[in-house]
Amino acid sequence: ASEAAAARAEAELTACQATVQQAEAAVLAAREAREATRGALPKIKALGVREVQAAFSDIIRLLEDEVARAEEAAACAEAEHAQATAEHAQAVDAVAAARAAIEKHAQAVDAV
């Protein structure tokens, strides 16, 4: 049972690591998109077209919101990863304790 718990914890840990990687990729993509938009924005502002300026300002706000959501998701995934890591360590300790108990029991049986 303890080995099954360790295996479950290991699977959860792997899933959390994948989630963290996905969140980090989303943050990076959103930041790159924001920077690309900011690079083009000064050229468009020079045109003096208020509607275009407003549209790009909206895009920047949307991208910043996306970055914030992705960073929040990454933080949540990291917290889940930390919890899964702790649970994995507990499961490993439980397996070690169970193995020690089995060994102690086997020694007791051999002593009889």
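Before reading on, note that the structure itself is shown above.
Each value, and the rule that gives it
Residues numbered from 1 in each chain as written. Predicted model: local features only at pLDDT ≥ 70, side-chain atom pairs only at ≥ 80, totals over all residues. Heavy atoms only, no water. Salt bridge = Lys/Arg side-chain N within 4 Å of Asp/Glu carboxyl O. Helix = DSSP H or I, 4+ residues; strand = E, 2+ residues; numbered from the N terminus. Buried < 20%, exposed > 50% of the residue type's maximum accessible area, 1.4 Å probe, protein only. Contact = heavy atoms within 4.5 Å. Expected span 1.5 Å × (residues − 1).

### Overview of the pattern of salt bridges
Turning to step 1, where the next piece is worked out: Within this structure, the stated rule accounts for three salt bridges.
Turning to step 2, where the next piece is worked out: Of the charged contacts, one joins Glu35 and Arg34 as a salt bridge, the two residues approaching to 3.8 Å between their closest N and O atoms.
Turning to step 3, where the next piece is worked out: For Asp58, the salt bridge goes to Arg61, with nearest N and O atoms at 2.1 Å. Linking Asp58 with Arg61, this pair stays in helix 2 (residues 50-111), spanning three residues, or about one helical turn.

### Notes on the side chain of Arg34
Turning to step 1, where the next piece is worked out: The topology assignment puts Arg34 in helix 1 (residues 2-45).
Turning to step 2, where the next piece is worked out: Look at Arg34 and you get buried, because its relative accessible area is 17%.
Turning to step 3, where the next piece is worked out: Those residues in contact with Arg34, other than ones at most four positions away along the chain, are Leu63, Glu64 and Val67.

### Points about helix 2
Turning to step 1, where the next piece is worked out: Between its first and last C-alpha, helix 2 extends 90 Å over 62 residues, near the 92 Å set by a 1.5 Å rise per residue.
Turning to step 2, where the next piece is worked out: Every buried residue of helix 2 is accounted for by Phe56, Ile60, Leu63, Val67, Ala70, Ala74, Ala77, Ala84, His88, Ala91 and Val95.

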